[in-house]
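Now for the letters of each chain:
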Amino acid sequence: DTECVRSPSGLLTTVAYKFGDDDAKYALEGSVAIAGAGIAWLKENLKLIDDVKESTTLAESVDDTCGVYLVPAFSGLFAPHWREDARGVIVGLTQYTTS
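What counts and how
Residues numbered from 1 in each chain as written. Predicted model: local features only at pLDDT ≥ 70, side-chain atom pairs only at ≥ 80, totals over all residues. Heavy atoms only, no water. Phe/Tyr/Trp six-rings, centres within 6.5 Å; stacked < 30°, edge-to-face > 60°. Buried < 20%, exposed > 50% of the residue type's maximum accessible area, 1.4 Å probe, protein only. Helix = DSSP H or I, 4+ residues; strand = E, 2+ residues; numbered from the N terminus.

**A look at the packing of aromatic side chains**
Then, in step 1: Enumeration according to the criterion identifies three aromatic pairs in this entry.
Then, in step 2: Summarising the aromatic geometry, the rings of Y17 and F19 are spaced 5.3 Å apart at their centres and angled 40° between planes, so their arrangement reads as tilted.
Then, in step 3: Take Y17: its relative accessible area is 42%, and that puts it in the partly exposed class.
Then, in step 4: Each ring, one from W41 and one from F74, has its centre 5.0 Å from the other, and the planes form 55°; the classification is tilted. Residue W41 is found in helix α1 (residues 35-44), and its partner F74 is found in the loop between β3 (69-71) and β4 (89-91); the two are separated by 33 residues along the sequence.
Then, in step 5: A residue is classified by how much of its surface remains accessible, and F74, at 32% relative accessible area, is partly exposed.

Next comes the structure, spelled out in structure tokens:
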């Protein structure tokens with residue numbers, strides 16, 4: 001879209017692209033502010049990886065999460081929820097969850 005669009009769902013408006021003198025094209029996006037810090041947390045705090053590059057290999061080795069998810073909301077949730085009081089959580093654990 002060539003006009004700045006406001007999201008009714010709390011998403012952010014961002015410039016998608018602009019070429020030369022053409023009008024800018026806009027898009028809506030969610031916002032993740034903790035991705036890099038989340039990987040560092042796996043390395044530094046939990047000692048699950050020795051190098052941040054291992055996170056890709058580890059993630060690609062999982063065929064199925066079996067419903068287990070990490071939400072690294074260490075400093076709150078950004079778009080579209082905007083909850084600064086939110087905190088990180090691991091959900092979906094059962095007695096059958098393995099590493």
